[in-house]
Amino acid sequence: SQTIHQWPATLVQPVGSPLSLECTVEGTSNPNLYWYRQAAGRGLQLLFYSVGIGQISSEVPQNLSASRPQDRQFILSSKKLLLSDSGFYLCAWIGFNEKLFFGSGTQLSVL
Amino acid sequence: QKEVEQNSGPLSVPEGAIASLNCTYSDRGSQSFFWYRQYSGKSPELIMSIYSNGDKEDGRFTAQLNKASQYVSLLIRDSQPSDSATYLCAAGQSGSARQLTFGSGTQLTVLP
């Protein structure tokens, strides 16, 4: 069965510091992968999606970037975090019949 | 702008009652509809999907879709305190989560 790993679970970072969140998927090949952000009390906002190695599409202009160095690895990065980058970050992959499956998430607090 | 609207709640029901969660969507081209359950501090978990008009039942959960009214609902029968969570509705077109739009969620509390 497919599993999706995401770490770290919690992160507290100062404004202006860099960020790297990692996501890996097991049990499937060439998955379509997604990064979402969820602000407190808000819905899910799609940030990036990737259909393959090196292929990244950005949905929202922002202070973040994404990379896909390997088939089952998806990384979310920032060079300098802003207060507004705080939120719950979720990696996801899409399975059969457009069903979206999420990793456990990273709660990021930028102070 | 594609939108999915949900009553944010909180919705409170007594244990054993039926909880009814509602969702409307703006994009008439939407073909796929999903309900996710999200416990506080956890990631969303898919609990129901529905693609055609009518009802779809899975255990204590029933999803209802009315494309003419652009309306999706989730019924939870025999509600349990463990059902207390935020329920996210999502609507999309086929092929990619890029087309998937999420509502902001309805917070459900089941009172013992």
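Preceding this paragraph is the structure being described.
Residues numbered from 1 in each chain as written. Chains lettered and ligands numbered in written order. Predicted model: local features only at pLDDT ≥ 70, side-chain atom pairs only at ≥ 80, totals over all residues. Heavy atoms only, no water.

### A short note on the layout of surface pockets
The computed volume of the largest pocket comes to approximately 610 Å³. Lining the largest pocket we find 25 residues, and of these L44 and Q45 of chain A together with Q1, T101 and F102 of chain B sit closest to its centre. Secondary structure elements with two or more residues in the lining of the largest pocket: β4 (33-38) and β5 (44-52) of chain A together with β1 (4-6) and β10 (101-102) of chain B. Class assignment of the residues belonging to the lining of the largest pocket gives a composition of eight nonpolar, ten polar and seven charged. Considered as a void within the structure, the second largest pocket measures approximately 450 Å³ in volume. If you trace the second largest pocket, you find 22 residues lining it, with Q38, A40 and G41 of chain A together with Q38 and T86 of chain B closest to the centre. Considering every element that reaches the lining of the second largest pocket, the biggest residue donor is strand β9 (residues 85-92) of chain B, with three residues. The residue makeup of the lining of the second largest pocket, split by class, is seven nonpolar, 13 polar and two charged. (1 Å grid on protein atoms, 1.4 Å probe; cavity = no way out; pocket = protein on both sides within 12 Å on 5 of 7 lines; lining within 4 Å. Points joined across faces, edges and corners; volume = space filled by probe spheres on them. Helix = DSSP H or I, 4+ residues; strand = E, 2+ residues; numbered from the N terminus. Nonpolar A, V, L, I, M, F, W, Y, C, P; charged D, E, K, R; others polar.)

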